[in-house]
Amino acid sequence: MHEAPPPTSTPAPDPSSSAVPAEPPSHGLKQRHLTMLGLGGVIGAGLFVGSGAGIAVAGPAIVVSYLIAGALAMLVMRMLGEMSAAMPASGSFSVHAERALGRWAGFSVGWLYWFLLVVVLAVEATAAAQIAHGWVPGIEPWAWVLLFMVVFTAANLTAVKNFGEFEFWFASLKVGAIVVFLVLGLLAVLGWLPDTDPVGTANLTGQGGFLPNGWGGVVSGVLTVVFAFGGLEVVTIAAAETDDPARAVGRAVRSAVVRILFFYVGSMLVIVTVLPWTAQQAGLSPYVKVLDAIGVPSAGQIMNIVVFVALLSALNANLYGSSRMIFSLAERGEAPRGLLKVSGGGSRETTGGGSRETTGGGSRETTGGVPRRAVLASVAFGFVSVLLNLLWPDTVFLYMLNSVGAVLLFVWALIAASQLRLRARLEQEAPEALSLRMWCFPYLTWVTLAGLFGVLVLMLTDEAARPQVLWSAGATALVLLVAVGRQWRERRGPA
């Protein structure tokens, strides 16, 4: 796995940075896998359950909150898509940050994102186990967690196509559930379902109006829902494991962002139109309430199944994304080199000219295999996180969770900063590589950075969100300190 500088499509990496890969460990993902990963990757419990908290603070104007948060996510993904289509790499935005800003940036964003994924993985595994325990009380939650982790570790240790197939069907179920919900909701609004009358706009304008808590409620809604869009980034990591990464990531980004906005905003519009916003409660799924209201039998169990699948899907995707991120870090010398072992009996050796697989009979260039040690390293920390979540959910694990609470915003900000630098470089060195371009560059990039900064400031003013920003800032500062220290030692050379 190496970055062979193509003659025209990709500019050569900065000579001051370490070699970065242009080819993935394998090419087992197909376009349909990537498309459904993009569609289903962010459709999770945050939408099906967490949206109730947003409605409770914003009222019907939660639709505006989702539009704002979705637009921010769409701009970030457009920038990331531009860079990934021009310079595909399994490390995605970590590699782009290194190329644009230096090794400290690639190291920092890569490790922060890896830490974010393996911590959130524990939340997803524990929540899925609680649902399964409700169905089969005789099996303890810890046993369910163990089962989930073993199954998805096995899937990720084999061919990457297994990960792709899991995600394809998981995403298909989630997308199908939302489509059915939108159709039933629209029929209910129009009064075309049995025993229903047209709803009209009464619930949008009643109970305090469309903005019952003013624009402050909209802002609070943005803080509640913006993190539900996290997860789209995995698309650009996975794109590097397709036969045509540049084309695959462009198609996935173009289709996924608009459709996800449609699903999110469309769902919220149906929910606040069918029922008064005052009927919603934080922690309870607004989807269940709507389905109950329109007479769908066993609505709660149906949504439990959908949420269960969504959690397992996110667990699978996070395990995949974390393993590829730490593998990419190892390739660039930013993580232990023992993680470069791939299936097939070889290991990666990154040199100035690329990376090679070493076998008993010598060394040879390679592109195949699964980074099994990287998978095991990620799942090992995931097991530790799960254990902490089961034993000390309100102390140790809570601090860990807070320490990644705002990391997504830091990652998005570095993506935007990287795109500012790389776009100018690409236009000079390889303009033909820009098959997917950020709109209104550089103005919308600066707008995105300002928006991300604004969300962080608003989180600091919110009593509930403030600890997340402060702990996340502390974690980021620690990683940056390590990154700068490493560079300083390298520049000094051996004592």
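Since the model is a prediction, treat every value here as computed from it, not as a measurement.

Asker: Honestly, the overall build of the protein chain in this entry has me stumped. Any pointers?
Answerer: Counting secondary structure elements, the protein chain contains 19 helices and four strands. Among the 495 residues that make up the protein chain, the fraction classed as buried is 55%. Put simply, of all contacts in the protein chain between residues at least 6 apart along the chain, 78% involve residues at least 24 apart. Accessible area of the protein chain: about 19300 Å², with a carbon and sulfur share of 67%.

Asker: Help me understand unusual backbone geometry in this model?
Answerer: Peptide bonds are trans in most cases, and residues, glycine excluded, mostly fall at negative phi. With an omega dihedral of 0°, the bond running from F441 to P442 counts as a cis peptide bond. Position of P442 relative to the elements: it lies in the loop between α17 (407-429) and α18 (443-461). Here the phi dihedral of Q207 falls at roughly 50°; this positive angle occurs in a residue that is not glycine. Taking relative accessible area as the criterion, Q207 reaches 38% and is therefore assigned partly exposed. Of note, S298 is a non-glycine position whose phi angle comes to about 55°, a positive value.

Asker: Looking at this structure, I do not really get the environment of G200. What am I missing?
Answerer: Residue position: G200 is located in the loop between α8 (160-190) and α9 (202-205). Judged by relative accessible area, which is 37%, G200 ranks as partly exposed. Separated by 74 residues in the primary sequence, G200 and V274 place their C-alpha atoms 8.7 Å from one another. When neighbours within four sequence positions are excluded, G200 is seen to be in contact with V189 and T273.

Asker: Can you walk me through the packing of α17 against α18 in this structure?
Answerer: Helix-helix packing: each pair is described by the crossing angle between the helix axes and the interaxial distance. Interaxial distance between α17 and α18 falls to 9 Å at its minimum, and their mutual angle equals 160°. The angle between α17 and α18 falls in the class roughly antiparallel. Here α17 and α18 pass one another in a crossing that is left-handed. Together, L409, F410, W412, A413, A416, A417, Q419 and L420 of α17 and T445, W446, L449, L452, V455, L456 and M459 of α18 make up the contact between the two elements. When its residues are assigned to classes, the contact of α17 with α18 shows 13 nonpolar, two polar and no charged.

Asker: Just to check I follow, could you spell out the environment of D195 for this structure?
Answerer: Looking at the secondary structure, you find D195 in the loop between α8 and α9. Since its relative accessible area comes to 83%, D195 is described here as exposed. Sequence separation between D195 and I294 is 99 residues, and the spatial gap between their C-alpha atoms is 8.6 Å.

Asker: Just checking my understanding: could you explain the packing of aromatic side chains for this structure?
Answerer: Think of a pair of aromatic rings as described by two things: how far the centres are apart, and how the planes are tilted against each other in angle. Using the criterion set out here, one finds 20 aromatic pairs in the structure. On the basis of an interplanar angle of 55° and a centroid distance of 5.4 Å, the ring pair of W114 and F381 is categorised as tilted. Of this pair, W114 sits in helix α6 (residues 103-135) while F381 is found in helix α15 (residues 372-391), placing the two residues 267 residues apart along the sequence. You can call F381 partly exposed: its relative accessible area is 26%. Looking at R32, its charged tip hangs above the ring of F168, at a distance of 4.6 Å from the centre.

Asker: I'm lost on α8 in this one. Help?
Answerer: Note that an α-helix has 3.6 residues per turn; residues three or four places apart therefore point the same way. Relative to the 45 Å expected for 31 residues at 1.5 Å per residue, α8 spans 45 Å between its end C-alpha atoms, a close match to the ideal helical length. After α8 finishes, the residue G191 shows a positive phi value of roughly 75°.

Asker: Just to check I follow, could you spell out the pattern of salt bridges for this structure?
Answerer: Any two side chains of opposite charge can pair, so long as their charged atoms come close to each other. Applying the stated criterion to the full structure yields nine salt bridges. One salt bridge in this structure joins R103 and E490, with 3.0 Å as the shortest N-O distance. Placement of R103 in helix α6 and of E490 in helix α19 (residues 466-492) is noted, with a sequence separation of 387 residues between them. With relative accessibility at 17%, the residue R103 sits in the buried group. Judged by relative accessible area, which is 43%, E490 ranks as partly exposed. One network of salt bridges, with partners in common, ties together E82, R423, E427 and R437.

Asker: Just checking my understanding: could you explain the side chain of N402 for this structure?
Answerer: Relative to the elements of secondary structure, N402 occurs in helix α16 (residues 396-403). Assessed through its relative accessible area of 13%, N402 is described here as buried.

Asker: Help me out: how do you make sense of a nonpolar patch on the surface in this one?
Answerer: Side chains of W142, L146, V150, F383, L387, L390, L391, W392 and V396 sit close together on the surface and give an oily, nonpolar patch of about 840 Å² of accessible area. Of the residues forming the nonpolar patch, the biggest block, four residues, is contributed by α15.

Asker: Even after reading the chapter, I still don't get the packing of helix α3 (residues 51-58) against helix α10 (residues 214-225), so can you show me in this structure?
Answerer: Between α3 and α10, the least distance of the axes is 8 Å, while the angle of their chain directions is 170°. When the interaxial angle is binned, α3 and α10 end up roughly antiparallel. By crossing handedness, the relation of α3 to α10 is classed as right-handed. Contacts between α3 and α10 involve A53, G54, V57 and A58 from the first element and G217, V218, S220, G221 and T224 from the second.

Asker: Explain the side chain of N389 here, please?
Answerer: Along the chain, N389 falls in helix α15. Residue class for N389 comes out buried when judged on its relative accessible area of 13%. A distance of 2.9 Å separates the side chain of N389 from the side chain of T126, its partner in a polar contact. Those residues within four positions of N389 in sequence are excluded, and the remaining contacts are A122, V123, T126 and F397.

Asker: Explain α10 to me, please; I cannot follow it from the model alone.
Answerer: Helix length check: α10, at twelve residues, gives a terminal C-alpha distance of 17 Å against a target of 16 Å (1.5 Å per residue), a fit within 8%. Residues of α10 that are buried include every one of G217, V218, G221, V222, L223 and V225, and no others.

Asker: Is there a simple way to explain the confidence of the model for the protein chain in this structure?
Answerer: Caution applies to low-pLDDT parts of the model: their predicted coordinates are not meant to be read in detail. For the protein chain, the mean per-residue pLDDT works out to 83, and 88% of the residues sit at or above 70. Contacts of residues 1-24 to residues separated by more than four positions or lying in other chains number 62 contacts, the stretch itself having pLDDT below 50. Segment residues 345-368: pLDDT under 50, and 59 contacts once partners within four positions in sequence are set aside and those in other chains are kept.

Calculation notes
- Residues numbered from 1 in each chain as written.
- Predicted model: local features only at pLDDT ≥ 70, side-chain atom pairs only at ≥ 80, totals over all residues.
- Heavy atoms only, no water.
- Helix = DSSP H or I, 4+ residues; strand = E, 2+ residues; numbered from the N terminus.
- Buried < 20%, exposed > 50% of the residue type's maximum accessible area, 1.4 Å probe, protein only.
- Contact = heavy atoms within 4.5 Å.
- Areas by Shrake-Rupley, 256 points an atom, 1.4 Å probe, with all protein chains shown as cover.
- Axes fitted to C-alpha atoms, helices over the stretch in contact; angles between N-to-C directions.
- Parallel < 35°, antiparallel > 145°, perpendicular 65-115°, else oblique.
- Left-handed = near helix turned anticlockwise from the far one by under 90°.
- Nonpolar A, V, L, I, M, F, W, Y, C, P; charged D, E, K, R; others polar.
- Phe/Tyr/Trp six-rings, centres within 6.5 Å; stacked < 30°, edge-to-face > 60°.
- Lys NZ or Arg CZ within 6 Å of the ring centre and 35° of its normal.
- Expected span 1.5 Å × (residues − 1).
- Salt bridge = Lys/Arg side-chain N within 4 Å of Asp/Glu carboxyl O.
- Patch = residues over 30% accessible without salt bridge, like charges linked within 9 Å, V, L, I, M, F, W, Y side chains within 5 Å.
- Polar contact = N/O pair within 3.5 Å; in protein donor to acceptor, adjacent residues only side chain to side chain.
- pLDDT = per-residue confidence, 0-100.

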